[in-house]
Amino acid sequence: MQRRTFLAATAGALLAPRASEAADGAVTVLLNEPIGTISPLIHGHFVEHLGGVVYDGIWVGEKSKIPNIAGIRKTLVDDLKAIKAPLFRWPGGCFADSYDWRDGIGPREKRPTRVNFWERAGMLQKLEGGPAKYEPNEFGTNEFMRFCQEIGAQPYLAANLRSGTARDFNDWVDYCNAPSGTTTLSRMRGTAPFNVQYWGIGNESWGCGGEFTPEEYSVEFRKFTAWVPNFGVPLKFIPAGPNGGDLNWSRGFLQAIVRKNPGLLNRIWGFALHYYCGTTGGPVEFTTDEYYELLARAVRMDDLIKNHWTVMGEYDREHRVKFAIDEWGAWHRAGSEVAPHHLFGQIGTIRDAMIAGLTLDIFHRHADKVSMANVAQLVNCIHSLFIAHEDKMLRTPNYHVFDMYKEHQGGKSVRAVFAAPMRTGKLARLDGSASVQGKRLVLTCTNTDAGEALPVSVKIEGGTAKSVEGLVLTGRPQAHNTFAQPEAVKPAALKAEASGGVVRFEMPGPSVARLIVELV
Ligand code: AHR
């Protein structure tokens, strides 16, 4: 029996719900069993120069009639502020390992046009031109920093390790972080220092980022991160981590690092596990079985974290290195994109929102292990929060999950046990996470059933519920927003009551719910 199946099957018995509750959902929140602080960076995002992410998605240009802030789509900025978007990873992805940061600085009219890394991918093959194929470099380092500043988010830059040099990387750090007027590059920047802390050292170096073995990559990582000028900014290096379940990458890389010098572990801030759960059926049309199948694949994230963590502990006994899971999401087939250059564009359904809820809950439950995570990608792409084309923009169901879950940011994750009769052997019917800040408990949960509602009761060990407010996002698994009906799927109030210290509510199926409980 799988561990998850065992837990779900036994948790109800261990917590001994009353017989009348046996067919329902039972949650026990254990306030005195802290896991760790939920880093806001777990709710991070990813922006790559790919398809319609940057051009059309974020960047509309200063001369555009579309409301913009220095060329950046204004409604996007407003909506990202509203969900407290904490961090953006840029400029890739695979694109990062072909990018020369110098192409994107200085007067825009003088910047070169280059072939985009993705130029030959999928539907872009059929296009004659456009920024998805030929990178105009209108959106470069200063524009990206402005985007982050407007939102109040941290920048996370991915350095080019495959086709760039350690010198290029050092110069980019200099350009971004040197105090004004000190170096030639700081003068070229023309603004206050950006003080960028988070630096990815290549991307998917086992694949598009150079096809290295883990041992070969460890040499490159050391070379890139040795003696980087820090200008007083604490630099946080993030090496390329494993592809899904590839434990050999984690083992090979960390072993090589530690063999050279165990002290080098201090140079690794986060380990960049990437996991896409793929797809089943079409992006919008899929069967109920395909819905369950994809959710079951998405929750593999839980085992990936545990398995890689065990391997990491073989070399890093004190677990100084945490995860920076800087690409995750469901990656559907083409067919629902709103413009022909939106490579990997997908409209995003309730199914994707369920995957977002399940995945963020997994990260919260591993708050002691996961320091950062970035959903791929922000707009017009895989598992996006937004679809934007010309003057139209919509928020996907996925956006609403990030909005609901923002209340966890900075909270103390506490253990919670979720129990409900299972629909399939692979997937818990009810799952979630809990965090506390002072007398405020935030509980998020998913009822994964494709159609059946689930009454849920929540017991709080170590505290008593005084009052509760609920919010729920629900709809058919295939439900999604369109430009014609941008608000077809959005959260609504969820009726919940707190009496006798127990919280009760009913979750439609499928749904993602958030409860905010005031404790006595
Ligand atoms: O997110 C799209 C691509 O998926 C990224 O560029 C790459 O890192 C991953 O394989």
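One can find the structure itself at the top, above this paragraph.
Residues numbered from 1 in each chain as written. Predicted model: local features only at pLDDT ≥ 70, side-chain atom pairs only at ≥ 80, totals over all residues. Heavy atoms only, no water.

Novice: If you had to explain helix H7 (residues 247–260) to someone new, which residues and values would you point to?
Specialist: In a regular helix each residue adds 1.5 Å, so 14 residues correspond to 20 Å; H7 covers 20 Å between its end C-alpha atoms and thus fits that length. Within H7 the residues assigned to the buried category are Trp-249, Ser-250, Gly-252, Phe-253, Leu-254, Ala-256, Ile-257 and Val-258. N-capping of H7 is provided by Asp-246, with a side-chain oxygen placed 3.1 Å from the backbone N of Asn-248. (Helix = DSSP H or I, 4+ residues; strand = E, 2+ residues; numbered from the N terminus. Expected span 1.5 Å × (residues − 1). Buried < 20%, exposed > 50% of the residue type's maximum accessible area, 1.4 Å probe, protein only. Polar contact = N/O pair within 3.5 Å; in protein donor to acceptor, adjacent residues only side chain to side chain.)

Novice: Describe the pattern of salt bridges, listing the residues and the values that go with them.
Specialist: Think of it this way: side chains of opposite charge can pair up when their charged atoms draw near. Taken as a whole and assessed by the stated rule, the structure comprises 29 salt bridges. In this structure, Arg-111 engages Glu-143 in a salt bridge whose closest nitrogen and oxygen atoms are separated by 3.0 Å. In this pair, Arg-111 is assigned in the loop between strand S5 (87–90) and strand S6 (114–115) and Glu-143 in helix H3 (residues 141–151), connecting sequence segments 32 residues apart. With respect to burial, Arg-111 and Glu-143 carry one shared label: buried. In this structure, Glu-293 engages Arg-297 in a salt bridge whose closest nitrogen and oxygen atoms are separated by 3.4 Å. With a gap of 4 residues between them, Glu-293 and Arg-297 both fall in helix H8 (residues 288–298), about one helical turn apart. Counted as one network, the salt bridges with shared partners bring together Glu-62, Arg-108, Arg-111 and Glu-143. (Salt bridge = Lys/Arg side-chain N within 4 Å of Asp/Glu carboxyl O.)

Novice: How would you sum up the packing of helix H10 (residues 350–365) against helix H11 (residues 397–405)? Please name residues and give values.
Specialist: One way to put it is that H10 packs onto H11 with a least axis distance of 7 Å and a crossing angle of 30 degrees. As the angle between them shows, H10 and H11 are arranged roughly parallel. In the packing of H10 onto H11, the handedness of the crossing is right-handed. Where H10 approaches H11, its residues Ile-350, Asp-352, Ala-353, Ala-356, Gly-357, Leu-360, Asp-361 and His-364 are matched on the opposing element by Pro-397, Asn-398, Val-401, Phe-402 and Tyr-405. Looking at the contact of H10 with H11, its residues break down into 8 nonpolar, 3 polar and 2 charged. (Axes fitted to C-alpha atoms, helices over the stretch in contact; angles between N-to-C directions. Parallel < 35°, antiparallel > 145°, perpendicular 65-115°, else oblique. Left-handed = near helix turned anticlockwise from the far one by under 90°. Contact = heavy atoms within 4.5 Å. Nonpolar A, V, L, I, M, F, W, Y, C, P; charged D, E, K, R; others polar.)

Novice: Before we move on, can you summarise the nonpolar core with the specific residues and values?
Specialist: Formed by 126 residues in total, the largest nonpolar core has its most connected members in Phe-88 and Phe-147. Residue contributions to this core peak at 9 residues, all from H10. The two domains that each donate at least three residues to this core are domain 1 (3–37 + 413–519) and domain 2 (40–410). Sequence-distant contacts of Phe-88, defined by excluding residues within four places in its chain, comprise His-45, Val-47, Leu-80, Phe-144, Phe-147, Cys-148, Ile-151, Ala-153, Gln-154, Pro-155, Tyr-156 and Leu-378. (Core = buried A, V, L, I, M, F, W, Y, C linked by side-chain atoms within 4.5 Å. Domains from an automatic or database assignment.)

Novice: Can you break down H10 residue by residue, with the values?
Specialist: Look at H10: 22 Å from first C-alpha to last across 16 residues, which is about the 22 Å you get at 1.5 Å a residue. Across the 16 residues that make up H10, a large majority, 16, are buried. Put simply, Thr-349 is the residue that caps the front of H10, since its side-chain oxygen is 3.1 Å from the backbone nitrogen of Arg-351.

Novice: Please set out the pairing of strand S20 (residues 465–474) residue by residue, giving values where relevant.
Specialist: Sheet analysis places S20 next to strand S24 (residues 511–519), joined by 9 bridges and oriented antiparallel. Paired with Glu-469 across the two strands is Ile-516, which belongs to S24. Summarising the sheet, S20 and strand S21 (residues 492–494) pair through 3 bridges and their orientation is antiparallel. Among the inter-strand pairings, Val-472 is bridged to a residue of S21, identified as Ala-492. (Pairing = 2+ DSSP bridges.)

Novice: Provide a residue-level description of the site of the ligand, including the pertinent values.
Specialist: Near the ligand you find 13 residues, and of these Glu-48, Cys-94, Glu-204, Tyr-276 and Glu-327 are the closest. Between the ligand and Glu-327, the relevant distance is 2.7 Å, taken from an oxygen atom to a side-chain nitrogen or oxygen of the residue. Protein chains bury 93% of the 280 Å² of accessible surface belonging to the ligand in isolation. Looking at the shell around the ligand residue by residue, the classes come out as 7 nonpolar, 3 polar and 3 charged. (Near = heavy atom within 4 Å. Areas by Shrake-Rupley, 256 points an atom, 1.4 Å probe, with all protein chains shown as cover.)

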